Amino acid sequence: MKERKREPVPHRGITGFFCSGFFFSPLTLLLFSAVILLTPALLPAPVLATEAPDAGGADAVEIVEFDEVEEEVVVTAARLPLRQAETPGLTIVVDREAIRQSTGKNLSTLIVEAGFPVSASGGDFAQASVQLGGFSANQSLVLFNGVPVNPGPVGEVDLSLFPAAVLDRVEISRGPLSPLYGANAMGGVVNIETALSGEERSGFFLGGGSFNSGEMDLFLKRERWGLAAGGGSSAGYRPNSDAKKTYLSGEYSFRPAGKDNDRLVLQGHFLTKDAGIPGMISSPSGGRQSDQRFILNLSGKNQTAKNLWEYRIFTQSWDNRYKSEFGADRHRVEGHGAELSGRREAGNHILLAGISLAYDDFSSTKSGQNNRSHGGVFLQDLWTLRRGLVLLTGLRWDVSSDYGAALSPRVNLIKNLTKNLSIKAGYGRAFRPPTVNELYWHEDYGNPDWNMFGNPDLRPEKGESYDLTLHWQGRTGSTLTAGFYRSRLTDGIAWQQEATGYIAQNVDRVKITGLDLRWERRTKNGYGGDIAYTWLNRQDWKAGTGYAKNTRLGEHRAAVGVTFTRGPWQVRTCWQLVAGRTPQWGQAMPDYGLLDTALIYRTRNGYDLKLAVNNLLDTAYEINAGYPMPGRNLEVSIYHAF
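What you see is a predicted model; the values in this text were computed from it and never measured.

## As for the overall build of the protein
So, step 1. Check the secondary structure of the protein and you find six helices and 34 strands.
So, step 2. Expressed as a percentage of the 642 residues in the protein, the buried residues total 55%.
So, step 3. Split by element, the accessible area of the protein, about 28000 Å² in all, is 59% carbon and sulfur.

## Notes on the side chain of Thr597
So, step 1. With respect to the helices, strands and loops of the structure, Thr597 is situated in strand β32 (residues 592–602).
So, step 2. In terms of polar contacts, Thr597 uses its side chain to reach the side chain of Thr573, at 3.2 Å.
So, step 3. If we ignore the near neighbours within four places in the chain, the residues touching Thr597 are Thr103, Val571, Arg572, Thr573, Leu611, Ala612, Val613 and Leu616.

## Overview of the pattern of salt bridges
So, step 1. Per the counting criterion, the structure on display carries 37 salt bridges.
So, step 2. Among the ionic pairs, Arg332 bridges to Glu334, the shortest N-O distance being 2.7 Å.
So, step 3. Residue classification places Glu334 among the partly exposed residues on the basis of a relative accessible area of 34%.
So, step 4. In this structure, the salt-bridge partner of Arg522 is Glu520, at a minimum N-O distance of 2.8 Å.
So, step 5. Here the salt bridges do not stand alone but share partners, grouping Arg96, Asp168, Glu199, Arg201 and Lys221 into one network.

## Section: the pairing of strand β25 (residues 461–473)
So, step 1. Bridging between strand β22 (residues 421–432) and β25 involves twelve bridges; their strand directions are antiparallel. Residue pairing in the sheet places Tyr427 in a bridge with Tyr466 of β25.
So, step 2. Remark: four residues form the turn of the hairpin made by β25 and strand β26 (residues 478–497), two consecutive strands paired antiparallel; Gly477 in that turn has positive phi of roughly 90°.

## Concerning unusual backbone geometry
So, step 1. One non-glycine residue, Arg79, lies in positive phi territory at about 55°.
So, step 2. At Asn240, a position not held by glycine, the phi torsion is positive, near 60°.
So, step 3. As for its placement among the helices and strands, Asn240 is situated in the loop between β12 (225–234) and β13 (243–253).

## Regarding the side chain of Asp467
So, step 1. Secondary-structure assignment places Asp467 in strand β25.
So, step 2. One buried charged residue, Asp467, forms no salt bridge at all, with the nearest opposite charge on Arg174 at 5.7 Å.

## Re the sheet that holds strand β7 (residues 147–148)
So, step 1. The strand order across the open sheet built from five strands is β3-β8-β9-β6-β7, with neighbouring strands paired in mixed fashion. At either end of the open sheet lies a strand with only one pairing partner, and these are β3 (90–94) and β7.
So, step 2. The pairing of strand β8 (residues 167–174) with strand β9 (residues 188–194) spans seven bridges and is antiparallel. In the strand pairing of β9, Val170 is matched with Ile192.

## Points about the packing of aromatic side chains
Given two aromatic rings, their pairing is described by the distance between the two centres and the angle made by the two planes.
So, step 1. Within this structure, the stated rule accounts for ten aromatic pairs.
So, step 2. Considering the side-chain rings of Tyr403 and Phe431, the 6.1 Å spacing of their centres and the 50° angle between planes classify their relative orientation as tilted. In this pair, Tyr403 sits in the loop between β20 (389–400) and β21 (404–416) while Phe431 sits in strand β22, placing the two residues 28 residues apart along the sequence.
So, step 3. Using a relative accessible area of 9% as the deciding quantity, one classes Tyr403 as buried.
So, step 4. Here Tyr427 and Tyr466 contribute two aromatic rings whose centre-to-centre distance is 4.8 Å and whose plane-to-plane angle is 45°, an arrangement assigned as tilted. Placement of the pair is Tyr427 in strand β22 and Tyr466 in strand β25, with a sequence separation of 39 residues.

## Some words on the environment of Asn261
So, step 1. Along the chain, Asn261 falls in the loop between β13 and β14 (262–280).
So, step 2. Asn261 sits 48 residues away from Trp309 along the chain, and the two C-alpha atoms are 8.7 Å apart.

## Here's the deal with the pairing of β26
So, step 1. Direction of pairing for β25 relative to β26: antiparallel, over a ladder of twelve bridges. Note on β26: the bridge partner recorded for Leu470 is Ala482.
So, step 2. Between β26 and strand β27 (residues 502–521), which pair antiparallel one after the other, the connecting turn spans four residues, and Gly501 there sits at a positive phi close to 150°.

## With respect to the confidence of the model for the protein
So, step 1. Confidence in the prediction for the protein averages 88 pLDDT; 89% of positions are at 70 or higher.
So, step 2. Within the model, pLDDT remains below 50 along residues 1–69, and this stretch shows 143 contacts once partners closer than five positions in the same chain are excluded.

## Digging into the environment of Gly236
So, step 1. Within the secondary structure, Gly236 sits in the loop between β12 and β13.
So, step 2. What makes Gly236 buried here is its relative accessible area of 19%.
So, step 3. As for Gly236 and Gly122, which are separated by 114 residues in sequence, their C-alpha atoms are 9.1 Å apart.
So, step 4. Not counting residues up to four positions away in its chain, the partners in contact with Gly236 are Phe211, Ser241 and Asp242.

## Section: a nonpolar patch on the surface
So, step 1. On the surface, Trp225, Leu227, Leu248, Tyr252, Phe254, Leu266, Phe270, Phe294 and Leu296 cluster together into a nonpolar patch covering about 750 Å² of accessible area.
So, step 2. At the level of elements, β12, β13, β14 and β15 (283–303) are the ones that each hand at least two residues to the nonpolar patch.
So, step 3. Residue position: Leu266 is located in strand β14.
So, step 4. Residue classification places Leu266 among the partly exposed residues on the basis of a relative accessible area of 31%.

Calculation notes
- Residues numbered from 1 in each chain as written.
- Predicted model: local features only at pLDDT ≥ 70, side-chain atom pairs only at ≥ 80, totals over all residues.
- Heavy atoms only, no water.
- Helix = DSSP H or I, 4+ residues; strand = E, 2+ residues; numbered from the N terminus.
- Buried < 20%, exposed > 50% of the residue type's maximum accessible area, 1.4 Å probe, protein only.
- Areas by Shrake-Rupley, 256 points an atom, 1.4 Å probe, with all protein chains shown as cover.
- Polar contact = N/O pair within 3.5 Å; in protein donor to acceptor, adjacent residues only side chain to side chain.
- Contact = heavy atoms within 4.5 Å.
- Salt bridge = Lys/Arg side-chain N within 4 Å of Asp/Glu carboxyl O.
- Pairing = 2+ DSSP bridges.
- Lys, Arg positive; Asp, Glu negative; His and termini not counted.
- Phe/Tyr/Trp six-rings, centres within 6.5 Å; stacked < 30°, edge-to-face > 60°.
- pLDDT = per-residue confidence, 0-100.
- Patch = residues over 30% accessible without salt bridge, like charges linked within 9 Å, V, L, I, M, F, W, Y side chains within 5 Å.

This is how it looks when you write it as structure tokens:
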């Protein structure tokens, strides 16, 4: 295929400087990385929200503590350690215990059990992507240990690549977060965290079950370093749906464990997957796809007299190959980036500022050789106006070599009505840049019904959202959250048929209205549980017809989990209901309900024996039209850490 040269987007002034070849050259990135590493050591960190303020300081930032309960601290929604009651919008945490109790064995199951929709075309090994707040998968950002996972030419991140065995914590924040993280954070952010050092611990996981599936994981953790390796395979439940995955992860800490504000950690992850692509029931496929993803991340914190500096330098690659009876394709992306941010407490303010730079190189048999350089600058202020009243404001400016610039503001007001009840209101804007495929795809079959062409003149998609959230923290470990939000998308990118074929254009408009209700109660013994209900009304605008409902993943979603613990025994049962689905590709999408359960027994020697049964009622259902999901299946596993 002949390489196509794209015309550069003209820029002037500051924008032109940021997008110039010099600014994003390898030498400049190297110099910027050196500055990131040296700045914290040369400059003279705020008192964090989780630290106790000085009793004698009249201007100290107030922290509300709930009666008899220490509420969980989250970071993603504000890039600050804040309790749930003080955090803008909605953030759900999946911690180690939730991972242990889960009825599944992958990241997708954890997100679904937390009450968020995942679009999947098969079982544990199939392509899966999260969709937050009614937005599409390419409008939801995935972070892996703080690194924005490059979604590749398509714009979506496959969750099935990430092994649950190395997960330590997952934070899922719904709402427009481009003011903090830049591109793609329109619907929200999924922040995946691993931890392979800091404690003397080793162990293994061994499991197997239906469809001739099996998995083995080994890990070795020490105070300053750690390693994990493993993989799994399955024969699949459809013809040509077999798959296998492997991973190798490592971590080294240059600082002693236990000092969170003085650390420097190097993390590396190599993930692979090889899978058959069975296609739709109506048009089976013999295609095979392989994926390799590599992420290397050097990150650290350094606290000086009045500032807390956080920095990271990362490189990542993704290699995707597909082969079928119609030919072979390969898509590869290599990316490099660096980020520096600083916090400072000044009276009733916690100030946050940062800068990020990145450079991506794309190679594709469909969209040619392309590259993208982009950077961003962000500012945020958490201001305690008076007792129990906090104002959070933020602004981020992003600029790119191929889509121009984008400005993303946010404002949130948080009021503690009582010691246990808070109300939060917010507004924010976000954006999604056009993907490489949308810009440069070229597929000419000589037939307008089959031809597809990218559009280098595309503009970024723009979104804005309003939300109102009530958060209540009970005295016995119960939490209740109710959130209402409205969002709007303009300049949405869609493939429109023209005389020569399908061409990507900024023609889409979307209106979203949603309601989240969540309750959770955790106990060490006896009954605990969680309930999540979401009502979502998404309206897509189409030329000639106006707005029409699009709720193919469900207008109503309910997830109910019940956990019972008695001594060494634990039972976890999850019920999921998806209703009010609109047709997809002209096919009706029926409602469905699923029941999953897991039985765990911990021996005196610390072995976890687990029996999990998914789709217990053997429900026939599809998440994507034409792709049936697995029927009843089970897994038996053993886990031990020592």
